[in-house]
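# Geometric and topological summary
Single-letter residue listing:
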Amino acid sequence: MDDSKVNRATNFNGLEIELHRFAGARVLRVVHPGEQRIEEHSHDWAYIGLYTAGRYREQYDGGEADMSGPCAVLHPAGRPHADVVEAEGLETLTIEFDPAWLRLHGFNHRLDRSLLWSGGPVGLASRRLSQVVAALSADEAALGQATAQFLNFALMAEAQSPPGWVAGLRERLGDNEPGGATEIARTLDLHPAYLARAYRAAMGEGVTETRRRRRVETASALLRHSPLPLAEIAVAAGFCDQSHMNRSFSAVLGRTPLQVRRERQLFDERLAVSA
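Here the structure is a predicted model, which means the values were calculated and not measured.

Parameters at a glance
- Residues numbered from 1 in each chain as written.
- Predicted model: local features only at pLDDT ≥ 70, side-chain atom pairs only at ≥ 80, totals over all residues.
- Heavy atoms only, no water.
- Helix = DSSP H or I, 4+ residues; strand = E, 2+ residues; numbered from the N terminus.
- Rg over C-alpha atoms; globule rule 2.2 N^0.38 Å.
- Buried < 20%, exposed > 50% of the residue type's maximum accessible area, 1.4 Å probe, protein only.
- Contact = heavy atoms within 4.5 Å.
- Lys, Arg positive; Asp, Glu negative; His and termini not counted.
- Charge placed at Lys NZ, Arg CZ, Asp CG, Glu CD.
- Arc of directions from axis to C-beta.
- Polar contact = N/O pair within 3.5 Å; in protein donor to acceptor, adjacent residues only side chain to side chain.
- Pairing = 2+ DSSP bridges.
- Salt bridge = Lys/Arg side-chain N within 4 Å of Asp/Glu carboxyl O.
- Phe/Tyr/Trp six-rings, centres within 6.5 Å; stacked < 30°, edge-to-face > 60°.
- Axes fitted to C-alpha atoms, helices over the stretch in contact; angles between N-to-C directions.
- Parallel < 35°, antiparallel > 145°, perpendicular 65-115°, else oblique.
- Nonpolar A, V, L, I, M, F, W, Y, C, P; charged D, E, K, R; others polar.

### Topic: the overall build of the protein chain
Secondary structure assignment for the protein chain yields 11 helices and 8 strands. Its C-alpha atoms give the protein chain a radius of gyration of 19 Å, near enough to 19 Å, the size a compact globule of 275 residues would have. Seen through its C-alpha atoms, the protein chain measures out along the principal axes to roughly 50 × 45 × 35 Å. Within the protein chain, the fraction of its 275 residues that count as buried is 49%. Across the protein chain, every contact between residues at least 6 apart in sequence was considered, and the portion connecting residues at least 24 apart equals 73%. Taking the average location of the 31 positive side-chain charges in the protein chain and that of its 35 negative ones, the two points are 4 Å from each other.

Listed below in C-alpha cells is the structure:
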C-alpha cells in the first residue's frame, strides 16, 4: 500500500458490521485492510476484541504486543490505545458494553486497566466466546453470560510460558510448511502427540487450524487486492481446490470467498468518506 493510502487509513477504523445490539451492549464484526495505522483512540464503553484472523500490534499503556492467532484484548471505557495492522489485514469480533450490563450476567470485577491475552487457555476460551457472539441466533442472556464467564476465567488464568520451539513452528506454518504433525515433529525431534498437545495448549489452536487460518488470510488479501479468479487464488493460497477454500473460509470467517471479495468495494467507499 502506498503512503497516501496508509495516511488515509488512519481515519478509517475498519469496516464495521453490527451483529447484535442491546440496551447495554453491542457486538460488531470489524474488518481492517492490510497495512493500516489506527491512531490512539478510546471507546465510550468497555471493549473486548476477539481475534478472528490476520495480524496486528496493539499499543497501549502496558506497552506493545504482537497479536496473531487466538487472542483477546480488554480496554475499559476511555482507556487510550492504538493499533498497527500488518499486511495480512485483520478481522475481529468486538463486544462493546456498559459494565452495569455485564454485572447483570454475573461479572463483578473492576475494569480499571487494559489487559491482553494471547494463546493458551484464554486463547481457547476466546474462540469459544467468538462462536457464541458470532451466532446471529444468540440472545442477550446467552451472550451476556458467555462474556461474563470468559472475563471471569481470563482474569483468574495464570500466564504460561510455551516451549521455545512453538513460536518458530507458528512462523513456519505461515510459510506453508509441508507435511503434517508427524513430519514436523520428526524435524524437531519431538513425539507427534506431544507436539500437537503442547502446540494447542500454547497457541489456543491446533497445527492444522493455524495452517488453515494462515491460508485463509493469504486468500483474503488476494481477494481484496487482485482480480484473480477464485480457483487461481485457492491454488496460490495453498488450498487443494476452490471447494477446499470455500470450506476453510466458512470455518474461519463464517463467510464465503465471494462475500469477502465484495467487501473490497465497501473498503473503497469507507476510505473515500474518511479521507
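### What about helix α10 (residues 242–252)?
Within α10 the residues assigned to the buried category are H244, M245, S248, F249 and V252. Across the axial projection of α10, the buried residues extend over an arc of 135 degrees, all falling on one side. Sitting at the head of α10, D241 places a side-chain oxygen 3.2 Å from the backbone nitrogen of S243. Directly beyond the C-terminal end of α10, a positive phi value near 75 degrees is found at G254.

### Looking at the pairing of strand β4 (residues 46–60)
Of all 15 residues making up β4, 12 are buried, and the element is well covered by its neighbours. As judged from the 12 bridges shared by β4 and strand β7 (residues 81–97), these two strands associate in the antiparallel manner. Bridging across to β7, I48 finds its partner in I95. The sheet contact formed by β4 and strand β5 (residues 63–67) spans 5 bridges and is antiparallel. Considered in β5, the bridge of Q59 is made with E64. In textbook terms, the turn of a hairpin is the stretch between consecutive antiparallel strands, and for β4 and β5 this stretch comprises 2 residues.

### So, unusual backbone geometry
Here the phi dihedral of E35 falls at roughly 60 degrees; this positive angle occurs in a residue that is not glycine. With respect to the secondary-structure elements, E35 resides in the loop between β2 (25–32) and β3 (36–41). In this structure E35 comes out as partly exposed when scored by relative accessible area, which is 34%. We note that D189 has phi near 60 degrees; this positive angle belongs to a residue other than glycine. Topologically, D189 is positioned in the loop between α6 (181–188) and α7 (192–203).

### A closer look at the pattern of salt bridges
Considering all chains together, one arrives at 18 salt bridges under this definition. With a shortest N-O distance of 3.2 Å, E209 and R200 are connected by a salt bridge. Here R200 falls in the partly exposed class, since its relative accessible area comes to 34%. Note that E263 and R255 form a salt bridge whose closest N and O atoms lie 2.9 Å from each other.

### Things to note about the side chain of E209
Topologically, E209 is positioned in helix α8 (residues 207–225). One polar contact links E209 to R127, side chain to side chain, over a distance of 3.0 Å. In this structure, E209 is in contact with R127 and R200, ignoring residues within four places of it in sequence.

### With respect to the environment of I48
With respect to the helices and strands, the residue I48 is situated in strand β4. The exposure class of I48 is buried, given its relative accessible area of 0%. Through-space distance from the C-alpha of I48 to that of L151 is 9.4 Å; in sequence the pair is 103 residues apart. Apart from the residues lying within four places of it in its own chain, the contact partners of I48 are V73, L74, L93, T94, I95, F97, T147 and L151.

### Focus: the side chain of S114
Among the structural elements, S114 can be located in the loop between α2 (99–103) and β8 (115–118). Side chain to side chain, S114 and H75 meet in a polar contact 2.7 Å long. If we skip the residues at most four places from it in the chain, S114 touches Y60, D61, L74, H75, P76 and R79.

### Overview of the packing of aromatic side chains
One pass over the full model with this rule turns up 3 aromatic pairs. A ring pair is formed by W165 and Y194, whose centres lie 6.1 Å apart and whose planes are at 65 degrees; its orientation type is edge-to-face. Highlighted residues: W165 in helix α5 (residues 165–174) and Y194 in helix α7, separated in sequence by 29 residues.

### Let's talk about the packing of helix α3 (residues 120–134) against helix α4 (residues 140–156)
At a closest axis distance of 10 Å, the pairing of α3 and α4 adopts a crossing angle of 175 degrees. Between α3 and α4, the crossing angle belongs to the class labelled roughly antiparallel. Contacts from P121, V122, A125, S126, L129, V132 and V133 in α3 reach A142, L143, A146, T147, F150, F153 and A154 in α4. Residues that form the contact of α3 with α4 fall into these classes: 12 nonpolar, 2 polar and no charged.

These figures capture arrangement, not role.
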